[in-house]
Amino acid sequence: MSTPQQFHVHEVSSSYWRVTFDNGPVNVLDPDTIDQLGALIERIEKDPDLTVVVFRSDKAGYFMAHWDALADKARVAAMAPGPTGLHPYLDNFVRLSRVPVATVSQIRGRTRGAGSEFVLATDIRFASEKAILGQPEVGLGAVPGGGPMARLGRLVGRGRALEILLGGDDVPADLAAEYGYVNRVIPDAEIEAFTDAFAHRIAAFDKVAVAGIKKLVDIATLPEDAEFAPGLQAFFATAGRPENQPFYQLLFENGFQQPDGIEADLGTAIGRLRQSTERRHLT
Amino acid sequence: MSTPQQFHVHEVSSSYWRVTFDNGPVNVLDPDTIDQLGALIERIEKDPDLTVVVFRSDKAGYFMAHWDALADKARVAAMAPGPTGLHPYLDNFVRLSRVPVATVSQIRGRTRGAGSEFVLATDIRFASEKAILGQPEVGLGAVPGGGPMARLGRLVGRGRALEILLGGDDVPADLAAEYGYVNRVIPDAEIEAFTDAFAHRIAAFDKVAVAGIKKLVDIATLPEDAEFAPGLQAFFATAGRPENQPFYQLLFENGFQQPDGIEADLGTAIGRLRQSTERRHLT
Amino acid sequence: MSTPQQFHVHEVSSSYWRVTFDNGPVNVLDPDTIDQLGALIERIEKDPDLTVVVFRSDKAGYFMAHWDALADKARVAAMAPGPTGLHPYLDNFVRLSRVPVATVSQIRGRTRGAGSEFVLATDIRFASEKAILGQPEVGLGAVPGGGPMARLGRLVGRGRALEILLGGDDVPADLAAEYGYVNRVIPDAEIEAFTDAFAHRIAAFDKVAVAGIKKLVDIATLPEDAEFAPGLQAFFATAGRPENQPFYQLLFENGFQQPDGIEADLGTAIGRLRQSTERRHLT
C-alpha cells in the first residue's frame with residue numbers, strides 16, 4: 001500500500017501552482033508530511049518556469065492543525081539531514097523560504113504549532129476571518145521546534161512575538177493582522193478569488209525579476225540557517241519529556257486532534273486545562 | 001531612616017509575582033529606583049519557580065512619569081558598573097530583558113523617558129486607553145540614555161522610531177498600539193483582569209518551556225549589550241549641559257513633576273514651550 | 001540654457017527647510033534629479049543649524065511618479081561614484097538616510113518605484129488618503145535598484161515586503177499605514193498644517209540632540225551600505241533587457257508618464273496589461 005499523498009498539486013499554468021493540503025480530519029503534520037514536503041520543495045526549486053505557489057486547504061476550519069502527537073518519534077529522530085545539513089523538519093522550512101518563487105499561504109482555518117511554522121516559512125500570508133493562528137507549545141511543556149522564535153521576532157517585533165510564544169494562546173485573524181503575523185485579512189467569501197488574482201498577477205511576471213527580488217529580500221530578512229538549529233534541539237529536549245505525558249492524556253480525553261473537541265479553541269483550552277490541573281495538584 | 005521601598009512585590013503564587021511601583025506623586029525614577037530595581041532583578045533571576053512578573057502602578061494617571069530632574073547627578077555618576085559591565089541604569093534594563101521569566105507591563109497612565117525605557121525593557125506591554133508613552137528627551141536637549149534608539153527601531157521600524165524619538169511628542173495608547181510601541185490596547189475597566197488572566201496562564205506553564213523560548217527570542221531580537229553603551233554616554237554628554245538649565249527652570253515653573261501641571265501633556269507642552277522660548281529670543 | 005531646478009528649497013528658518021519637488025507633469029525622477037539631489041544633500045549635510053527638512057509636492061496627484069523611462073541610460077551608466085563609493089543614484093539615498101537632521105516626506109499623491117525609494121530613504125513618511133505607494137518594477141521585468149529590498153523588509157516585515165515587491169501592485173495610503181510603509185495617514189485637508197507643526201517642533205529643538213539620537217537609530221536600523229549595491233546591479237542587469245521593451249511600448253500607448261493615463265492606477269494597470277499580453281501570446 002502506498003502512502004497517501006498529502007499535498008495535491010494543481011498546475012494552474014506553467015508558472016502558477018495551487019497546492020491543497022489534506023491529512024486526516026484536522027490536517028495534522030506527521031513524518032509523511034516531512035518526506036512529501038521535502039519532495040515538493042525540490043520540485044519547486046528545480047522548475048524553470050514557476051513564479052508562484054499558493055498553499056491552501058479544503059478542510060472546513062483547518063489549514064494545518066499542528067504536529068500529530070501520535071506520530072512515530074523514533075522515525076522522526078532517525079531522519080537523515082537535508083541539503084542544508086539540518087534535520088529535514090527544519091531543512092524543509094528553511095529551503096521553502098528560499099525557493100525562487102513567491103509562496104502564498106491562504107489561511108481560512110486553524111493553523112497552530114507546526115502549521116504556524118509552515119505558514120511562517122512561506123512568503124505571504126492572507127487570512128480570512130475564520131483563520132486562527134498560534135504556537136501552543138509552551139502550554140505543552142515544549143519549546144517550538146520549527147523556527148518561530150527566529151521568525152516571529154523579526155516579523156512582529158519582540159513584544160508581540162513574546163506574547164504569542166509565551167502566552168501560547170489562540171491568535172484570531174484580526175489580531176494576527178494587527179500584529180503582522182499575517183499580511184492582512186480578506187473576507188472569507190472573497191479570499192479564494194483574491195488569492196487567485198494575486199497569484200495570476202505574479203504568474204504573468206518575469207521569473208528573473210521575481211527570483212532576483214526575493215533573493216535580496218532574503219538577505220535582508222531571513223535568519224542564518226544556523227539560528228534555527230537550537231530551536232529544534234530545544235524542542236527535542238523538551239517535547240518528549242515523560243512529565244508532559246499526563247497532560248497529553250488529558251487533551252486526548254477532551255477531543256484533541258478531532259474537529260469537534262478542544263481543537264476548535266485549542267490555545268484557550270490548553271490554558272484552562274493547565275490551570276485546572278494545577279489547582280487539583282494544590283488541593 | 002531606611003529608604004522607602006518603591007517596588008512592592010506581591011507573590012500571587014510561587015510562579016507569579018505582581019509588582020506595584022510607587023515613588024512620589026507622579027512615580028518618577030531616581031537613584032533609589034536604580035538600586036532597588038537591581039535588587040529586584042537579581043531576585044527574579046535567581047528564583048527557581050517564577051515564570052511571570054507583572055509590573056503595574058496604583059497611581060492615577062501615572063505608570064512611571066520619567067527620570068527625576070532633581071535627582072543627585074553625582075550619586076548617579078559614581079555608581080559602580082553592574083554584572084554586564086554597564087552602568088547600573090543600563091545594566092538593569094539589559095538584564096531585565098533577559099530574565100528567564102515573562103515580564104509584562106500593565107500601563108494605565110503616563111510612562112515617558114526613563115518610564116518608556118523601563119517598559120521597553122520588559123517583554124510585553126498591555127496599555128489601557130489612559131496610557132501615554134513618549135521619549136521627550138529631544139525637547140530637553142538630550143539624547144535618551146536607556147536604550148530606546150536600540151529598541152524602538154527594532155520594535156516599530158525606523159520611520160516610526162524616528163518620529164517618536166525626534167518628535168518627542170506624547171504617543172497616546174491607540175497610536176502606540178498602531179505603531180507596535182505597545183502590544184495592544186485593553187479597555188481600562190478590563191485591563192487588570194485581562195493581565196491577571198494572562199499571567200495566571202503563563203504561571204501554569206512549565207518554566208523550562210518559558211525560559212527556553214525566551215532565550216531564543218532574545219537571540220533573534222535583542223541588540224548586543226554593547227550597542228546600548230553609546231546611548232548612555234550620549235545622555236550623560238547632553239543632558240547635564242548648562243544650556244539646558246533655563247528650560248528646566250521654565251518647566252518647573254509650569255508644574256513639572258506635579259500631577260496637575262504640564263505632566264499631563266508633557267510631550268506637547270515641551271514643544272509649545274520650546275517654540276515660545278525661541279520666539280522670545282528672536283524678538 | 002541652464003537645467004531647471006527640480007528641488008525648490010524654502011528656508012522657513014535657519015533650522016527648518018521645506019523642499020518642493022517639481023519635474024514634468026507627473027514628477028518623474030531623471031538623471032538631473034540625481035545630480036540636483038546630490039547637491040541638495042551636500043547642503044543639508046553641511047548646514048550647521050538645520051534640524052528638519054520636509055519634502056513635498058504641489059503637483060496634484062503626484063509626489064514622485066517614478067524613474068523616467070525615457071531618460072538617457074548612457075548618462076546614468078557613466079556617472080561617477082559618490083562619496084560612499086556607490087553609484088550616485090544609491091549614494092544619494094544612503095547619504096540622505098544619514099543626514100544629521102530629521103527628514104519628512106509629506107505624501108499627498110502617487111510615489112512609486114524610484115519615488116518610493118526616495119521616501120523610504122527619508123526618516124518619516126506622513127501620507128494623506130490621496131497617497132499611493134508601490135514598487136511596480138517586478139511587472140516591468142526588473143529588480144528595483146534603489147534599495148527597497150533592504151529597507152522594506154526591515155520596515156514592514158518579510159511577509160508584507162514580499163507582497164509589495166513581488167506583487168508590484170498599488171498600495172493605497174490606508175494599507176500603507178497598516179503595513180508600516182508610511183508612519184500614518186493624516187487627512188489631506190490637514191496634512192500641510194500637521195507636517196508644518198511637526199517640523200516647527202523639531203526646528204525648536206537642539207541640533208546636538210536631534211543629530212545624536214538619529215546617529216544611534218541609524219546604527220540600529222540602517223543596512224550596511226554594501227547591502228544596497230547588489231540591488232542596483234540587479235536593476236541594471238534586468239531593467240534594460242531588450243525583452244522588456246515591447247511592454248514599455250504598450251505602457252506608453254496607454255498614457256504612461258501622463259497624468260490622465262494609466263499612471264493613475266499604474267500598479268493595477270501593469271498587472272492587467274501583463275496578463276492580457278500573456279493571453280495574446282497563448283492564443
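In the block above lies the structure referred to throughout.
All values derive from a computational prediction rather than experimental measurement.

With that settled, consider the relation of the copies chain A and chain C. Between chain A and chain C, which share one sequence, the superposing operator has a rotation angle of 120° and an axial displacement of 0.0 Å; the RMSD is 0.0 Å. With respect to symmetry, the two chain copies, as superposed, fit the operation of a three-fold axis.

A word on the sheet that holds strand β9 (residues 171-172) of chain B. Residues and elements named next belong to chain B. Taken in spatial order, the four strands line up as β4-β6-β8-β9 in an open sheet, and their pairing is mixed. The two strands at the open ends of the sheet, each matched to only one other strand, are β4 (62-64) and β9. In this structure, strand β8 (residues 132-134) lies alongside β9, joined through two bridges in antiparallel fashion. The partner of Leu 133 across the bridge, within β9, is Val 171.

All names here are of chain C. Spatial ordering of the open sheet is given by β1-β2-β3-β5-β7-β10, a layout of six strands whose pairing is mixed. Taken across any chain shown, the strands that pair with only one partner, and hence form the sheet edges, are β1 (7-13) and β10 (184-185). Bridge count between strand β5 (residues 102-107) and strand β7 (residues 124-127): four bridges; the pairing is parallel. Across the sheet, the residue bridging to Ser 105 is Arg 125, located in β7.

Our next topic: the interface of chain B and chain C. Contacts between the two partners involve 36 residues from chain B and, on the opposite side, 33 residues from chain C. When the two sides are added together, the surface that chain B and chain C hide from each other amounts to roughly 2800 Å², 62% of it contributed by carbon and sulfur. Together, B:Arg158, B:Glu163 and B:Leu166 form the three largest contributors to the area buried by chain B at its contact with chain C, with a combined 26%. The tally of links between chain B and chain C comes to five salt bridges.

On to empty space enclosed by the protein, then. For the structure shown, the criterion picks out six cavities of 30 Å³ or more. As for the largest cavity, its lining consists of B:Gly147, B:Met149, B:Ala150, B:Glu227, B:Phe228, B:Gly231, C:Leu216 and C:Ala220. Mapped onto the lining of the largest cavity, the elements with two or more residues apiece are α5 (148-156) of chain B together with α9 (207-221) of chain C. Residues of the lining of the largest cavity, tallied by class, amount to five nonpolar, two polar and one charged.

Moving on: the interface of chain A and chain C. Every contact between the two is made by 33 residues of chain A and, on the other side, 36 residues of chain C. Between chain A and chain C the total buried area reaches about 2800 Å² when both faces are included, carbon and sulfur atoms providing 62% of it. Our count for the chain A to chain C interface comes out at five salt bridges. With a closest N to O distance of 3.3 Å, A:Asp123 and C:Arg158 form a salt bridge. If you list the elements that add at least two residues to the side of chain A that touches chain C, you get β7 (124-127), α8 (191-203) and α9 (207-221) of chain A. With 12 residues, α9(A) is the largest single contributor of residues to the side of chain A that touches chain C. Here the side of chain A that touches chain C is built from residues that sort into 20 nonpolar, six polar and seven charged.

We now examine the packing of aromatic side chains. Using the criterion set out here, one finds 33 aromatic pairs over all chains in the structure. The rings of A:Phe55, A:Phe63, A:Trp67, A:Tyr89, A:Phe93 and A:Phe118 are connected pair by pair, giving a single aromatic cluster. Geometry around B:Phe247 places B:Arg274 over its ring, the cationic atom sitting 4.3 Å from the centre. Sitting above the plane of the C:Tyr62 ring, C:Arg110 keeps its charged end 5.0 Å from the centroid.

For the rest of this paragraph, the subject is the pattern of salt bridges. In this structure the tally under the stated criterion is 72 salt bridges over all chains. A salt bridge links A:Lys214 to A:Asp123; the nearest nitrogen and oxygen atoms lie 2.9 Å apart. Linking A:Lys214 in helix α9 with A:Asp123 in the loop between α4 (114-121) and β7, this pair joins segments that are 91 residues apart in sequence. You can call A:Lys214 buried: its relative accessible area is 1%. Classification of A:Asp123 by relative accessible area gives buried; the value is 0%. Of the charged contacts, one joins B:Glu227 and B:Arg154 as a salt bridge, the two residues approaching to 2.9 Å between their closest N and O atoms. Of the two residues, B:Glu227 is situated in the loop between α9 (207-221) and α10 (229-239) and B:Arg154 in helix α5; the sequence distance between them amounts to 73 residues. Each of the salt bridges in this network shares a partner with another, and the network as a whole consists of A:Arg18, A:Arg56, A:Asp58, A:Arg108, A:Lys130, A:Asp188 and A:Glu192.

Residues and elements named next belong to chain B. When helix α11 (residues 245-253) is considered as a whole, its buried residues turn out to be Phe 247, Tyr 248, Leu 250 and Leu 251. Projected onto a plane normal to the axis of α11, the buried residues spread over an arc of 155° and lie on a single side. Opposite the buried face of α11, at more than 90 degrees from it, the exposed residues are Pro 246 and Glu 253. Directly after α11, the chain includes Gly 255, whose backbone phi takes a positive value near 95°.

What follows deals with the pairing of strand β3 (residues 52-57) of chain C. Residues in a regular strand project their side chains so that they alternate between the two faces of the sheet. Residue and element names in this part refer to chain C. Of all the six residues making up β3, six are buried; the element is thus mostly covered by neighbouring parts of the structure. Here β3 shows no split at all, with Val 52, Val 54 and Arg 56 on one side and Val 53, Phe 55 and Ser 57 on the other all buried. Direction of pairing for strand β2 (residues 16-21) relative to β3: parallel, over a ladder of six bridges. Residue pairing for β3: Trp 17 is matched across the bridge by Val 53. Regarding topology, helix α1 (residues 31-46) serves as the crossover connection from β2 to the parallel β3, and that connection is right-handed. As paired strands, β3 and β5 are joined by four bridges and run parallel to one another. Across the sheet, residue Val 54 finds its bridge partner in β5, namely Val 104.

Conventions adopted
Residues numbered from 1 in each chain as written. Chains lettered and ligands numbered in written order. Predicted model: local features only at pLDDT ≥ 70, side-chain atom pairs only at ≥ 80, totals over all residues. Heavy atoms only, no water. Least-squares fit on C-alpha atoms with pLDDT ≥ 70 in both. Pairing = 2+ DSSP bridges. Helix = DSSP H or I, 4+ residues; strand = E, 2+ residues; numbered from the N terminus. Contact = heavy atoms within 4.5 Å. Buried area = accessible area lost by both parts, 1.4 Å probe. Salt bridge = Lys/Arg side-chain N within 4 Å of Asp/Glu carboxyl O. 1 Å grid on protein atoms, 1.4 Å probe; cavity = no way out; pocket = protein on both sides within 12 Å on 5 of 7 lines; lining within 4 Å. Points joined across faces, edges and corners; volume = space filled by probe spheres on them. Nonpolar A, V, L, I, M, F, W, Y, C, P; charged D, E, K, R; others polar. Phe/Tyr/Trp six-rings, centres within 6.5 Å; stacked < 30°, edge-to-face > 60°. Lys NZ or Arg CZ within 6 Å of the ring centre and 35° of its normal. Buried < 20%, exposed > 50% of the residue type's maximum accessible area, 1.4 Å probe, protein only. Arc of directions from axis to C-beta. Right-handed = clockwise from strand over helix to strand, strands pointing away.

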